Amino acid sequence: MTRQPLVARKAEELLDASVIATAPLAGGDIATATKLRLSNGTTALMKTLPHAPEGFFEREAAGLRWLGEVEDGVHVPDVLGVDQECLVIAWVEPGKNGVDAAAGFGRALAVTHAAGAPSYGWDRDGFIGKLPMPNRTAPTWAEFYATRRILPYLKLARDRGAIGEDEAATVESVVPRLAELVPEEPPSRLHGDLWNGNVLWGQDPTGGTPAVARVSVIDPAAYAGHREVDLAMLAMFGLPHLPRVIDAYCEAAPLAEGWEERVGLHQLFPLLVHACLFGGGYGSRAATTAAKYL
């Protein structure tokens, strides 16, 4: 590690420690990531995005803190500092994925979901990627999923030419059926963007020697919703030992009958988001998925 003066100075404005060394990190589609070694002996991760959308990092930090409030829930790194163009969180030391850590993750995710919230949505809007994400509350999951998730991103995908008119009509046709397709449940506390890249297989620093494996989650798009959404996102791009995660989750908090058949339904939102962001075949994939529920 060397020391990048501009990066270090920015981090020191937010932290109660000096930056001894920095190292750029690969990955990340939106923000620039840097590893920091601090004078207090700890290590941190810094994300920067010049001219970030208003509230971008502040909403992410709020989501991390909200998830982190849950005792024995899924682990999230501590927020060390945040401002309009920067977020600093505690470093997660990489570890190996394994079935024990996967089982622990499944149980912890069930605890986080069970922490719940008063209603579907959140008290503030958020972001999914760099796209604004509306979170105004709704009394039922069917209404929230339709009006805050499917329809806004379907319109944006249509406006951007990322989905054809016939395909858009197919997706839209699912909306009136949501209430009958998805069993109503109390709102769950969701990560909201729980794909493989936001799941870190790390080490528990309190686990002694040898280090105990522990899964952490980062980059939330947090809100209160149906718990099947997080599980559907995990399945969308694959996760090591996902069957063990699901088994452990169900042992702790059994899912409603037929949840496997609803995985695609709860993938419509991320598919439409990907259509808005990346185009490609995501719009067509959303339509093909939606057609299964008509």
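Residues numbered from 1 in each chain as written. Predicted model: local features only at pLDDT ≥ 70, side-chain atom pairs only at ≥ 80, totals over all residues. Heavy atoms only, no water.

## Regarding the nonpolar core
No. 1: With 86 residues, the main nonpolar core has F105, Y153, V171 and L234 as its most contacted residues.
No. 2: Every residue in contact with V171, bar those within four places of it in the chain, is listed here: I150, L154, I163, L272, A286, A287 and A290. (Core = buried A, V, L, I, M, F, W, Y, C linked by side-chain atoms within 4.5 Å. Buried < 20%, exposed > 50% of the residue type's maximum accessible area, 1.4 Å probe, protein only. Contact = heavy atoms within 4.5 Å.)

## Section: the packing of aromatic side chains
Here a ring pair, both rings aromatic, is described through the centre-centre distance and the interplanar angle of the planes.
No. 1: One pass over the full model with this rule turns up nine aromatic pairs.
No. 2: With centroids separated by 5.3 Å and ring planes inclined at 65°, the aromatic side chains of F56 and F127 adopt a geometry described as edge-to-face. Taken together, the residues F56 in helix 2 (residues 56-68) and F127 in strand 6 (residues 126-128) connect sequence positions 71 residues apart. Across the pair, F127 and F56 agree in class, each one buried.
No. 3: With a centroid separation of 5.1 Å and an interplanar angle of 20°, the aromatic rings of W141 and Y145 are classed as stacked. Placement of both W141 and Y145 in helix 4 (residues 141-159) is noted, with a separation of four residues, approximately one turn of the helix.
No. 4: By relative accessible area, W141 is classed as buried at 2%.
No. 5: Members of the aromatic cluster, joined through ring pairs, are Y120, W141, F144, Y145 and Y223. (Phe/Tyr/Trp six-rings, centres within 6.5 Å; stacked < 30°, edge-to-face > 60°. Helix = DSSP H or I, 4+ residues; strand = E, 2+ residues; numbered from the N terminus.)

## Topic: unusual backbone geometry
No. 1: In this structure, H51 is a non-glycine residue whose phi angle is positive, near 60°.
No. 2: Tracing the sequence through the fold places H51 in the loop between strand 3 (43-48) and helix 2.
No. 3: On the basis of relative accessibility, which here comes to 74%, the residue H51 falls in the exposed class.
No. 4: Backbone geometry places D219, a non-glycine residue, at a positive phi of 50°.
No. 5: Mapped onto the fold, D219 is located in the loop between strand 10 (212-217) and strand 11 (223-225).
No. 6: For D219, a relative accessible area of 25% corresponds to the partly exposed category.

## Quick look at the sheet that holds strand 5 (residues 86-90)
One key point about sheets: their strands pair by backbone hydrogen bonds, in either a parallel or an antiparallel sense.
No. 1: Strand order across the open sheet formed by five strands is 1-2-3-5-4, with antiparallel pairing between neighbours. Two strands close off the open sheet at either side, each with one partner strand: strand 1 (19-25) and strand 4 (79-83). Geometrically, the sheet is characterised by an average inter-axis angle of 20° between neighbouring strands, direction not taken into account.
No. 2: Lying on the sheet, helix 2 is in contact with strand 3, strand 4 and strand 5; it crosses strand 4 at an angle near 155°. (Pairing = 2+ DSSP bridges. Axes fitted to C-alpha atoms, helices over the stretch in contact; angles between N-to-C directions.)

## Some points on the pattern of salt bridges
No. 1: What the rule picks out here adds up to 12 salt bridges.
No. 2: With its nearest N and O atoms 2.8 Å apart, the salt bridge here joins E60 to K47. Taken together, the residues span a long stretch of sequence, with E60 in helix 2 and K47 in strand 3 at a distance of 13 residues.
No. 3: The buried category is assigned to E60, whose relative accessible area is 8%.
No. 4: What makes K47 buried here is its relative accessible area of 12%.
No. 5: For the salt bridge of R158 with E172, the shortest nitrogen-to-oxygen distance reads 3.7 Å. You can see R158 sitting in helix 4 and its partner E172 sitting in helix 5 (residues 165-174), a full 14 residues away along the chain.
No. 6: Classification of R158 by relative accessible area gives partly exposed; the value is 27%.
No. 7: Since its relative accessible area comes to 37%, E172 is described here as partly exposed. (Salt bridge = Lys/Arg side-chain N within 4 Å of Asp/Glu carboxyl O.)

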